[in-house]
Amino acid sequence: MSKDYYETLGVNKGASKDEIKKAFYKLAHKYHPDKKEGNEAKFKEVNEAYQTLSDDQKRSKYDQFGSNYANMGGASAGGYGDPRGGFEGFDFSGFQQGGADFGSSFDMGNLNDIFSDFFGGGMGGGGTRNSRQARRGRDISTEIQISFSDSIFGIERKILITKTSTCLTCNATGAKVGSKIEKCKTCNGQGQIREIKRSFLGNISSTKICETCLGGGEVPHEVCERCKGKGVLRREEEISIVIPTGVRDGEMVRMTGHGEAIFKGTTGDLYIKINVAPHPIFKRDGNDLLMTLNLKLSDALLGTKHKIETLDGEIEVTIPEGVGINEILRVRGKGVPTSKSKRGDLLIKLNIKLPNKLSRKERELVEELKKEGI
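The structure presented is a predicted model; accordingly, all values stated were derived computationally and were not measured.

A few points about the overall build of the chain
Now for step 1: What the chain contains, in helices and strands, is nine helices and 15 strands.
Now for step 2: For the chain, the proportion of its 374 residues judged to be buried stands at 36%.
Now for step 3: Long-range contacts, defined as pairs at least 24 residues apart, comprise 62% of the intrachain contacts of the chain with a sequence gap of at least 6.
Now for step 4: Accessible surface for the chain amounts to roughly 23100 Å². Of this, 47% is attributable to carbon and sulfur atoms.

See the structure below:
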């Protein structure tokens, strides 16, 4: 049955890449198995949907063929990969019962499973079913807090995280140091075990990965005492995280291959949620930085020079005479870096402070200005 990846992520079919990415980060954080109310099954569904919809080529095929898109091509015309060819002489009418067509009893996923068993690779291409399929460790997540300045310019941080990692004693082999490697007796060194299944098409031969050697065909004569032959164990590991420039509060940084390890398989990924501490002066507006500068009435009328402490250090800005309330001055190149040579701007919102109470002399001066029509 085809899966609705858009519904899984809670986005519409015309969603942009950025919308898909935000939806994934939100759901991945919500359902991650390490969380108290996490849901591993939901997390896998969300990850599967994101892996497809975040890739333009995969998304295009999915929009055409549904979640079975991977099985709709990959072989030459007339082969098992072409649903129109290779079966001209096969009469499907025998599968109809009481006028119902073939599709009423079998969806495309079931049909593909049948041919996968019968021909060894399904309708999506050649090969043996379950042949040495890659094992993959779990994805994990954590979160860190960084300063506002570090979110703008980027930073490298080191964190300690406890997770399933490769065994350093045996270097993930599962073998005792110096132990011989022998041929697996369960599969006779083939890495696979052949099975015979009965179906309405007759006896179907298929293969599965050997659970003793996990597809490697070899096993150690003596197992590692540290990890008991598993090649992995739970331990504390220091990880260096590179926070990119311009990262936003709540964004997730993905570190490929830094999740949980698995014996004779690929390590999962690590997702880090970035929490940015607020700044007492600056706020972010896209790639620009926004701040408020309080001015005396006299400085607003006559103009002045004012020193400002920015994220790059102290600068001096010129306040032109006659500026208005809430007028904005722009200092170019002092905002968020967008590339190695380009940055956003610093926007300074002018807040003219009017006196709450005037002294006798100040009142006299204002009266004079009033007479001048100011």
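Read on for the rest.
Regarding the state of the cysteines
Now for step 1: Inspection of every chain in the model, using the stated rule, returns zero disulfides.
Now for step 2: Cys170 forms no disulfide, and the closest cysteine sulfur to it belongs to Cys227, at a distance of 3.7 Å.
Now for step 3: Here Cys184 is not disulfide-linked; the sulfur of Cys187 is the nearest cysteine sulfur, at 3.7 Å.

A closer look at the packing of helix 3 (residues 40–53) against helix 4 (residues 56–65)
Now for step 1: It is at 6 Å that the axes of helix 3 and helix 4 come closest, and there the two elements cross at 105°. What the angle tells us is that helix 3 and helix 4 run roughly perpendicular. Contacts from Gln51, Thr52 and Leu53 of helix 3 reach helix 4 at Lys58, Arg59 and Tyr62.
Now for step 2: Its residues assigned to classes, the contact of helix 3 with helix 4 comprises two nonpolar, two polar and two charged.

Let's talk about the pattern of salt bridges
Now for step 1: One pass over the structure, following the stated rule, counts 18 salt bridges.
Now for step 2: Here Asp139 and Arg136 are joined by a salt bridge, their closest N and O atoms 2.9 Å apart.
Now for step 3: Residue class for Asp139 comes out buried when judged on its relative accessible area of 5%.
Now for step 4: On the basis of relative accessibility, which here comes to 39%, the residue Arg136 falls in the partly exposed class.
Now for step 5: The closest approach of N and O atoms between Arg343 and Asp312, which form a salt bridge, is 3.0 Å. Note that Arg343 is positioned in the loop between strand 14 (328–331) and strand 15 (346–353) and Asp312 in the loop between strand 12 (304–310) and strand 13 (313–319), a separation of 31 residues in sequence.
Now for step 6: Of the residues examined, Asp312 reaches a relative accessible area of 38% and is grouped as partly exposed.
Now for step 7: Each of Arg136, Asp139, Arg254 and Asp269 takes part in salt bridges that share partners, so that together they form one network.

Here's the deal with the sheet that holds strand 10 (residues 283–285)
Now for step 1: Spatial ordering of the open sheet is given by 10-11-15-14, a layout of four strands whose pairing is mixed. Of all strands in the sheet, those bounded by a partner on one side alone are strand 10 and strand 14. Between one strand axis and the next, the sheet turns through 35° on average, direction left out of account.
Now for step 2: Sheet topology note: the strand 11 (residues 288–296)/strand 15 ladder contains eight bridges and is parallel. Within the sheet, the bridge partner assigned to Met291 lies in strand 15 and is Ile348.

A closer look at the packing of helix 2 (residues 17–31) against helix 3
When two helices pack together, their arrangement is given by the angle between their axes and by how far apart the axes lie.
Now for step 1: Where helix 2 meets helix 3, the closest approach of the two axes is 9 Å, and the angle between their N-to-C directions is 165°. Classified by the angle between their axes, helix 2 and helix 3 sit roughly antiparallel to one another. Where helix 2 crosses over helix 3, the handedness of that crossing is left-handed. Across from Ile20, Lys21, Phe24, Leu27, Ala28 and Tyr31 in helix 2, the residues of helix 3 making contact are Glu40, Lys42, Phe43, Val46, Asn47, Tyr50 and Leu53.
Now for step 2: Its residues assigned to classes, the contact of helix 2 with helix 3 comprises nine nonpolar, one polar and three charged.

Some words on the sheet that holds strand 1 (residues 140–146)
Now for step 1: Pairing in this open sheet of three strands is mixed, and the strands run 1-9-8 from one edge to the other. Edge positions in the open sheet fall to strand 1 and strand 8 (252–255), since each of these has one partner strand only. The average angle at which neighbouring strand axes cross in this sheet is 25°, direction not considered.

Thoughts on helix 3
Now for step 1: Given a rise of 1.5 Å per residue, 14 residues ought to cover 20 Å, and the 20 Å separating the end C-alpha atoms of helix 3 matches this to within 8%.
Now for step 2: The complete set of buried residues in helix 3 reads Phe43, Val46, Asn47, Ala49, Tyr50, Thr52 and Leu53.
Now for step 3: Buried residues along helix 3 sit against helix 1 (5–9), helix 2, helix 4 and strand 9 (270–276).
Now for step 4: Where helix 3 begins, the side chain of Asn39 points an oxygen toward the backbone nitrogen of Ala41, at a separation of 3.1 Å.

About the thresholds
Residues numbered from 1 in each chain as written. Predicted model: local features only at pLDDT ≥ 70, side-chain atom pairs only at ≥ 80, totals over all residues. Heavy atoms only, no water. Helix = DSSP H or I, 4+ residues; strand = E, 2+ residues; numbered from the N terminus. Buried < 20%, exposed > 50% of the residue type's maximum accessible area, 1.4 Å probe, protein only. Contact = heavy atoms within 4.5 Å. Areas by Shrake-Rupley, 256 points an atom, 1.4 Å probe, with all protein chains shown as cover. Disulfide = S-S within 2.5 Å. Axes fitted to C-alpha atoms, helices over the stretch in contact; angles between N-to-C directions. Parallel < 35°, antiparallel > 145°, perpendicular 65-115°, else oblique. Nonpolar A, V, L, I, M, F, W, Y, C, P; charged D, E, K, R; others polar. Salt bridge = Lys/Arg side-chain N within 4 Å of Asp/Glu carboxyl O. Pairing = 2+ DSSP bridges. Left-handed = near helix turned anticlockwise from the far one by under 90°. Expected span 1.5 Å × (residues − 1). Polar contact = N/O pair within 3.5 Å; in protein donor to acceptor, adjacent residues only side chain to side chain.

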